[in-house]
Amino acid sequence: MTPEEIGSRMDGRIVRTEVDREEAFLPSPRIHNHASFLAFLPDGSLACAWFAGTLEGKSDISIHLSTLARGSNIWSKTVQVSDDPERSEQNPMIFVRPDGGVSLFHTAQPSGNQDESRVRERSFILENGTPVSGPARDLGLAAGTFIRATIVRRDDGAWMLPLFLCNPRPGARWTGTHDTAAVAVSNDEGANWSVIDVPQSYGCVHMTIVPLDGNEMVAFYRRRQADFVYRSTSSDGGQSWTPPEATDVPNNNSSIAAVRLADGRVALLCNPVSSATSSDRRDSLYDELGVEDNRPNAEGGITPIWGVPRAPLTLCVSTDGGRTFPLRRLVEDGPGTCLSNNSLDGRNHELSYPALLEDGDGNLHIAFTFHRRAIKYVRLAKGWIDGDPK
């Protein structure tokens, strides 16, 4: 599909394409759309948030949001819900608070300087189906803090917000060489946060926590080194974590999504390809912003790999708590080319940054970046994983 063809389909209308599959391209007034997040709201509607503008890292990148009312077959008109004119606002995350309120978390950075990012939170409500957001509040976390996955509540009521830390190197440009994982913990429902580092986690980012049984939890990570999805565990309800270790799922230094299904299996949605299977490379994530920066790249740490294709999009399923993923089902395929973030010249073909939810009826809800031009939504019927549509 050309960028023009994609744009013509961005009307939010859900169409059935197979007996067990429905899909839509979400409406957006922007040409660049990326990093979607899905959440069910208290009224039963499904919300999708993502960042949009002209190019990742530009100051016109803001958080946008659309909702799908229960029983509807069309997504609502998209609304811009963040408004910093100086920073690129990225990686939204929606959290339904225990009191029923809804919070939108996101990052905000100047240009491509992820090591200067701040994490912000704002409340939002639906007024006649339209999202209305409140003012932003800085969480007070260190510069360079990023988020992607949802908050998980510990048994003692504490909130755990997975982080990745784009640790600054004075006088040097961020390229991902010193990124590590951590968890921000709040014991007062988000008013204050402390940070616990994940040990030996250089290059492990986009930590996604999946509660298992009892005090057991597992976390999965994107890897800057573009080798494998990594995994660590907690046996004390998330208060401490083991060093991350490689799973059997390849990773291309792109985002992942993981949930525990109602039947107890763990589902991991990602691009299971790695630097070992492709020679495609680019200098950095922000190498086409056109912003003059004479600082040298940060040295030391690990060597990030950028540019490995971001496709296919595959659902990997585990029956052993995420140790192995023998069952893999294709969600979407394509060349996955991501040597450019430009959404209008037709060079980007990534199918990336997935979001994944299971509803009470066993249906899977998925959203992902489609060629940087659009956010695509897919609903898969119960039984799709095992080839047995209900």
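Heads up: the structure comes first, above all this text.
Residues numbered from 1 in each chain as written. Predicted model: local features only at pLDDT ≥ 70, side-chain atom pairs only at ≥ 80, totals over all residues. Heavy atoms only, no water.

Note: strands within a sheet are paired through backbone hydrogen bonds, in either parallel or antiparallel orientation. Reading across the sheet, the four strands line up as β3-β4-β5-β6 and stay open at both edges, with antiparallel pairing between neighbours. In this open sheet, the two edge strands, each paired with only one partner strand, are β3 (32-40) and β6 (79-80). Relative to strand β5 (residues 62-68), strand β4 (residues 46-53) is paired through seven bridges, and the arrangement is antiparallel. The partner of C48 across the bridge, within β5, is S66. (Pairing = 2+ DSSP bridges. Helix = DSSP H or I, 4+ residues; strand = E, 2+ residues; numbered from the N terminus.)

Cis rather than trans, the peptide bond between A311 and P312 has omega equal to 0 degrees. Inspection of the secondary structure puts P312 in the loop between β22 (266-270) and β23 (313-318). The phi dihedral of Y353 falls on the positive side, at around 50 degrees, and the residue is not glycine. Unlike most non-glycine residues, H371 shows phi in positive territory, near 60 degrees. Positionally, H371 belongs in the loop between β26 (364-370) and β27 (374-380).

Attention now goes to the pattern of salt bridges. Under the definition given, this model contains 26 salt bridges. Between E56 and R372 there is a salt bridge, with its nearest N and O atoms 2.6 Å apart. Placement of the pair is E56 in the loop between β4 and β5 and R372 in the loop between β26 and β27, with a sequence separation of 316 residues. With relative accessibility at 0%, the residue R372 sits in the buried group. In this structure, E332 and K376 form a salt bridge, with 2.9 Å as the shortest nitrogen-oxygen distance. Placement of the pair is E332 in strand β24 (residues 327-332) and K376 in strand β27, with a sequence separation of 44 residues. There is no split in this pair, since E332 and K376 are both buried. Via salt bridges that share partners, R21, E23, E332 and K376 belong to a single interconnected network. (Salt bridge = Lys/Arg side-chain N within 4 Å of Asp/Glu carboxyl O. Buried < 20%, exposed > 50% of the residue type's maximum accessible area, 1.4 Å probe, protein only.)

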